[in-house]
Amino acid sequence: MVATEPALDTSQLLKGVLDIAVLAVVKAEDGYGYDVVRRLRGIGLPDVGEASVYGTLRRLYKSGLLTSYVVPSEEGPHRKYYAINAAGRRLLDLGAKTWREFADVIDKVLADEKEAA
Amino acid sequence: MTMPTTTREVERYLEEVRAALADLPEKDRVELLGDAVQHLTEVEAAEASTDLQERLGPPATYAAELRAAAGLPTRPEPVDTANARSLRGLVHETARGSRELLRDLRPAWWVARGALLAAVPFWLGVEADDNFPAPQPADSPVLGLLLVLTGIGLSVWLGRSADRNFWRRSGTATNVALIVLLAIATLTASPSGVESTFSVEQRQFLVSQHGPVTNVYPYDSEGRPLEGVLLFDQDGNPLRVNDRGFQAHECVRSAAHPTAVSGVVDFIYPIAYRTELDDRFPSNDQGRSRFEAFQRMMRERCASEVSRPAVSIPVFPPAPEPRPSPEAQP
């Protein structure tokens with residue numbers, strides 16, 4: 001058993017990639033704020049802040065990357081759904097590409113490290 | 001079938017979130033608050049019972065997270081720069097700053113001490129109102145002023161002799177002079193002047209026996225609704241109601257005040273409240289039909305909310321004939 005070093009601060013990592021994570025989730029299916037929070041957590045991001053998700057949705061919407069509509073509901077509150085649009089898809093593609101390149105580099109660095117050890 | 005969707009706990013939480021967003025322009029504030037309303041009602045609907053504080057943290061933190069994620073500037077607060085410095089240094093600096101501040105404030109304390117010493121016995125008397133803020137022994141404001149000045153002089157002299165190095169060290173003699181002048185100005189000011197110094201920043205809104213007033217609906221004596229009525233009180237001050245944006249039944253509203261040559265007029269009644277609705281059209285068909293259904297519903301719901309309430313207009317006797325009749329009273 002290897003002694004565990006202090007883990008990488010995932011909340012810091014999340015800051016940089018929350019935009020594309022949210023875009024990807026919304027691209028899979030239109031979602032309202034709380035639904036997006038739950039899906040992100042379900043995927044494996046338990047630390048995602050609720051207000052952060054709502055704020056991110058708001059910002060992406062204002063930048064014209066998402067559209068929004070509200071769905072009436074008889075029992076609960078009305079839900080404001082967000083849907084991705086063409087601009088959002090373009091940004092997501094771009095972001096995904098950047099992420100993969102970045103992740104590849106880090107993977108490579110870590111692999112070299114392992115070999116050297 | 002309009003039902004309130006925000007419970008008291010949510011409303012209290014939102015009220016504090018609203019306060020933490022107070023520095024933002026109205027448009028941003030209303031939008032973020034709308035998101036917060038949306039969020040909290042969704043949380044409420046999803047979980048049977050939740051402690052919002054425990055789940056989301058203090059309202060101020062929640063508001064900060066919301067605005068940061070929305071790409072809006074953080075609330076200007078000097079403490080925010082603390083991250084850059086070491087905590088130790090900050091504590092040290094704060095302590096030193098407080099000490100310096102206290103030292104600089106000492107002359108002010110002497111002045112206040114002297115004035116209070118002279119005036120407080122009068123405030124405790126039967127005619128306290130007449131003796132506030134400046135005492136008036138034998139109904140003479142001049143005598144009262146002299147008394148207060150004597151008290152101040154004595155107190156400052158005492159303070160100075162307790163610390164003879166003070167003048168050389170801090171060189172704030174001018175500050176003391178200014179404070180004394182300020183005290184004199186305050187004490188000799190007209191009653192209205194004194195009034196205003198006590199109500200600065202404390203904007204009070206119209207309250208009726210039914211609670212806070214958020215709008216006023218004027219009618220003429222024949223029951224015709226009046227629009228664009230300017231209201232003033234007995235002193236000629238504009239009457240203002242609590243016109244901050246509010247949300248009920250998921251309609252977030254804000255007051256739409258007209259702009260006059262002199263600026264925005266916020267005491268013209270009835271106040272028009274504008275509903276903040278997202279009117280951007282969704283891109284896909286499924287969204288569009290949902291959206292249209294919603295628009296219909298919200299238009300009914302939100303519009304009916306701000307229409308004039310039903311009122312009963314008293315019936316007056318018919319206007320008197322040109323020839324005065326004995327039973328017609330004005």
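Preceding block: the structure.
This one's a predicted model, so the numbers in the text were calculated from it and none came from an experiment. (Residues numbered from 1 in each chain as written. Chains lettered and ligands numbered in written order. Predicted model: local features only at pLDDT ≥ 70, side-chain atom pairs only at ≥ 80, totals over all residues. Heavy atoms only, no water.)

Turning our eyes to something else, we now look at the overall build of chain B. When helices and strands are tallied, chain B shows 10 helices and 9 strands. Scored against the burial criterion, the 330 residues of chain B give a buried share of 31%. Put simply, 63% of the contacts in chain B that link residues at least 6 apart link residues at least 24 apart. For chain B, the computed accessible surface area is about 21,400 Å², with 59% contributed by carbon and sulfur atoms. (Helix = DSSP H or I, 4+ residues; strand = E, 2+ residues; numbered from the N terminus. Buried < 20%, exposed > 50% of the residue type's maximum accessible area, 1.4 Å probe, protein only. Contact = heavy atoms within 4.5 Å. Areas by Shrake-Rupley, 256 points an atom, 1.4 Å probe, with all protein chains shown as cover.)

On the surface, Trp99, Phe102, Val105, Ile106, Val109 and Leu110 of chain A cluster together into a nonpolar patch covering about 580 Å² of accessible area. Its location among the elements puts valine 105 of chain A in helix 4 (residues 86-116). (Patch = residues over 30% accessible without salt bridge, like charges linked within 9 Å, V, L, I, M, F, W, Y side chains within 5 Å. Salt bridge = Lys/Arg side-chain N within 4 Å of Asp/Glu carboxyl O.)

In this section: the packing of helix 2 (residues 26-46) of chain B against helix 4 (residues 59-69) of chain B. All names here are of chain B. It is at 11 Å that the axes of helix 2 and helix 4 come closest, and there the two elements cross at 115°. At the point where helix 2 passes helix 4, the crossing takes the right-handed sense. Counting all contacts with helix 2, which are made through Leu32, Ala36, His39 and Leu40, the residues of helix 4 involved are Tyr62, Leu66 and Arg67. Across the contact of helix 2 with helix 4, the residue classes break down as 5 nonpolar, 1 polar and 1 charged. (Axes fitted to C-alpha atoms, helices over the stretch in contact; angles between N-to-C directions. Left-handed = near helix turned anticlockwise from the far one by under 90°. Nonpolar A, V, L, I, M, F, W, Y, C, P; charged D, E, K, R; others polar.)

Residue and element names in this part refer to chain A. Summarising burial for strand 3 (residues 79-84): 5 of the 6 residues are buried, a large majority. In the sheet, strand 1 (residues 31-32) pairs with strand 3 via 2 bridges, with the strands oriented antiparallel. In the sheet register, glycine 31 faces strand 3, and the bridge partner there is tyrosine 82. As judged from the 6 bridges shared by strand 2 (residues 66-71) and strand 3, these two strands associate in the antiparallel manner. Bridging across to strand 3, threonine 67 finds its partner in alanine 83. (Pairing = 2+ DSSP bridges.)

As a further point, take the pattern of salt bridges. Taken as a whole and assessed by the stated rule, the structure comprises 15 salt bridges over all chains. Between aspartate 35 of chain B and arginine 58 of chain A there is a salt bridge whose closest N-O contact spans 2.8 Å. You can see aspartate 35 of chain B sitting in helix 2 and its partner arginine 58 of chain A sitting in helix 3 (residues 50-62), one on each of two chains. Judged on exposure class, the residue aspartate 35 of chain B and its partner arginine 58 of chain A are both buried. Taking the shortest distance from any N to any O, the salt bridge between aspartate 220 of chain B and arginine 224 of chain B comes out at 2.7 Å. Taking relative accessible area as the criterion, arginine 224 of chain B reaches 47% and is therefore assigned partly exposed.

Turning our attention to the environment of leucine 14 of chain A. Residues and elements named next belong to chain A. Structurally, leucine 14 is set in helix 1 (residues 10-28). As for leucine 14 and glycine 49, which are separated by 35 residues in sequence, their C-alpha atoms are 9.9 Å apart. Ignoring sequence-local partners within four residues, the contact set of leucine 14 consists of Leu45 and Val48.

With that settled, the discussion passes to the packing of helix 2 (residues 33-43) of chain A against helix 3 of chain A. Residue and element names in this part refer to chain A. The contact between helix 2 and helix 3 brings their axes to 9 Å, and the two run at 120°. The angle between helix 2 and helix 3 falls in the class oblique. Here the hand of the crossing between helix 2 and helix 3 comes out right-handed. Together, Gly33, Tyr34, Val36, Val37, Leu40 and Arg41 of helix 2 and Glu50, Val53, Tyr54 and Leu57 of helix 3 make up the contact between the two elements. In terms of residue class, the contact of helix 2 with helix 3 is built from 7 nonpolar, 1 polar and 2 charged. (Parallel < 35°, antiparallel > 145°, perpendicular 65-115°, else oblique.)

Hydrogen bonds between backbone atoms are what pair the strands of a sheet, whose relative direction is either parallel or antiparallel. The antiparallel open sheet is built from 3 strands, whose spatial order is 1-3-2 (chain A). Only two strands of the sheet have a single partner each, and these edge strands are strand 1 and strand 2 of chain A. Along the sheet, helix 1 of chain A contacts strand 2 and strand 3 of chain A; its crossing angle with strand 3 of chain A, the most-contacted strand, is approximately 100°. Of the strands in this sheet, strand 1 and strand 3 of chain A touch helix 2 of chain B, which is tilted by about 110° from strand 3 of chain A.

Here we come to the nonpolar core. Counting 49 residues, the largest nonpolar core has Leu40 and Leu66 of chain A together with Tyr62 of chain B as its most contacted members. Take this core: its biggest share by element is 8 residues, from helix 1 of chain A. Counting 9 residues, the second largest nonpolar core, distinct from the first, contains Val213, Val216, Ala255 and Tyr273 of chain B. (Core = buried A, V, L, I, M, F, W, Y, C linked by side-chain atoms within 4.5 Å.)

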